Amino acid sequence: MAIFNAEPKRIPRSQNPLLVIGLGGTGTDALLNIMSKFKQRFELPVVNGKVQDTPLRTAYLAIDTDDIHLRYAQKDGIRFQPENRFLLTTTDLWGKVNNACVREWLDERINIFHEGNCACAIRQVGRLLLFECADALVNQLKNVIASLLEANGIQVSKTLDIVVTAGISGGTGSGTFL
């Protein structure tokens, strides 16, 4: 019987900058798994004598309507840092629902009012919160992309690889995946 011994070996990542985005609970859980695997597998930069958690020219963005999940979900000790999480939220869900434009596509048979601000597996709530926060999300995406494509104000790449993870049967992931 042959015995295979596969020794873990760190490898370099592709040359293109990489942005990995997780949408909703399932998507952000998948993102945590990716972050853990990247930390285990890829060569990591050392800054001031400390090994970093993220490969060079790689960024992560977790987008969800559940603030508790964004703040406390973890995998192998890895958590989302404030700079790589984005909360889709509103202070006036009722006011948004009563907007005539929203009423055109919102299914009135679905009770979207529940405790908390998360989409709670209701796709239309995820979509509504995405549109509510669209400008701020676009700004955050622009900043993340600029930081990946530039170094010290000089463009270092014209190509960016983007990976999106999402569940398609819940609220936030399916509601925000356009």
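Thresholds applied
In this numbering scheme, every chain counts its residues from 1 along its sequence in written order. In keeping with the model being predicted, local features are shown solely for residues with a pLDDT of at least 70 and side-chain atom pairs are shown and tallied solely at 80 or more, while totals for entire chains, interfaces and linings include all residues. Computation of side-chain values: all heavy atoms of the structure, hydrogens and water removed. Throughout this description, the term nonpolar core refers to a set of buried Ala, Val, Leu, Ile, Met, Phe, Trp, Tyr and Cys residues connected via side-chain atoms within 4.5 Å. Think of it in three bands: with a 1.4 Å probe and only protein chains considered, a residue is buried below 20% of the maximum accessible area for its type, exposed above 50%, and partly exposed in between. Helix numbering and strand numbering both begin at the N terminus, where a helix is a DSSP run of H or I of at least 4 residues and a strand a DSSP run of E of at least 2. Only heavy atoms enter the contact rule, under which two residues are in contact if any of them lie within 4.5 Å. The pairing criterion for strands is at least two bridges between them, as found by DSSP. All axes here are fitted lines through C-alpha atoms, helices being fitted over the stretch that makes contact, and every angle between N-to-C directions spans 0 to 180 degrees. Helix span, as expected, comes to 1.5 Å for every residue beyond the first. Any Lys or Arg side-chain nitrogen located within 4 Å of an Asp or Glu carboxyl oxygen qualifies as a salt bridge. The method works on a 1 Å grid over the protein atoms by themselves. A cavity is a set of points holding a 1.4 Å probe that cannot get out, a pocket is an open set with protein on both sides within 12 Å along at least five of seven lines, and residues with an atom within 4 Å of a point line them. Grid points are joined across faces, edges and corners, and a volume is the space filled by probe spheres set on the points. Amino acids outside the nonpolar list (Ala, Val, Leu, Ile, Met, Phe, Trp, Tyr, Cys, Pro) and the charged list (Asp, Glu, Lys, Arg) are all regarded as polar, and Gly is one of them.

> Any details on the nonpolar core? Residues and values, ideally.
Counting residues in each nonpolar core, the largest one holds 16 residues, and the members touching the most others are L19, I21, L61, I63, F86, L88 and L137. Of all the secondary structure elements, the ones that give two or more residues to this core are β1 (18–23), β4 (58–64), α5 (123–132) and α6 (134–149). When near neighbours in sequence (up to four residues on either side) are disregarded, L61 contacts L19, V20, I21, G22, L31, N84, R85, F86, L137, Q140 and L141. V20, L31, F42 and L70 belong to the second-largest nonpolar core, a separate cluster that totals 13 residues.

> I'd like a rundown of the sheet that holds β4, residues and numbers included.
The strands making up a sheet associate through hydrogen bonds between their backbones, and the pairing can be parallel or antiparallel. Read from one edge to the other, the open sheet built from 4 strands follows the order β7-β4-β1-β10, with strand pairing classed as parallel. In this open sheet, the two edge strands, each paired with only one partner strand, are β7 (85–87) and β10 (161–166). Each strand of the sheet is rotated relative to its neighbour by a mean of 15°, with strand direction disregarded. Direction of pairing for β1 relative to β4: parallel, over a ladder of 6 bridges. For L23, the partnering residue across the bridge sits in β4 and is I63.

> Can you lay out helix α1 (residues 24–41) for me, pointing to particular residues and giving the numbers?
Along its 18 residues, α1 runs 25 Å from first to last C-alpha, staying within 8% of the 26 Å computed at 1.5 Å per residue. For α1, the set of buried residues is G24, G27, T28, L31, L32, M35, S36 and F38.

> Requested: an account of the pattern of salt bridges, with residues and values cited.
Summed over the entire model, instances satisfying the criterion amount to 2 salt bridges. Residue R71 pairs with D67 through a salt bridge whose shortest N-O separation is 3.0 Å. Residue R71 and its partner D67 are both found in helix α2 (residues 67–72); the two are separated by 4 residues, about one turn of the helix.

> Break down the environment of L32 for me, with residues and values.
Position of L32 among the secondary structure elements: in helix α1. The sequence separation of L32 and I78 amounts to 46 residues, and the corresponding C-alpha distance is 7.2 Å. In this structure L32 touches A73, Q74, K75, I78, R79 and F80, once residues within four positions along its chain are discounted.

> So what's going on with the layout of surface pockets? Residues and values would help.
Put simply, the largest pocket is a space of about 310 Å³. As for the largest pocket, its lining consists of 16 residues, and the residues nearest its centre are T54, Y60, Q81, E83 and N84. Of all the secondary structure elements, the ones that give two or more residues to the lining of the largest pocket are α1, β4, β6 (78–79) and α6. Within the lining of the largest pocket, the residues separate by chemical class into 6 nonpolar, 6 polar and 4 charged.

All quantities given are derived from atomic positions and should not be read as evidence of function.
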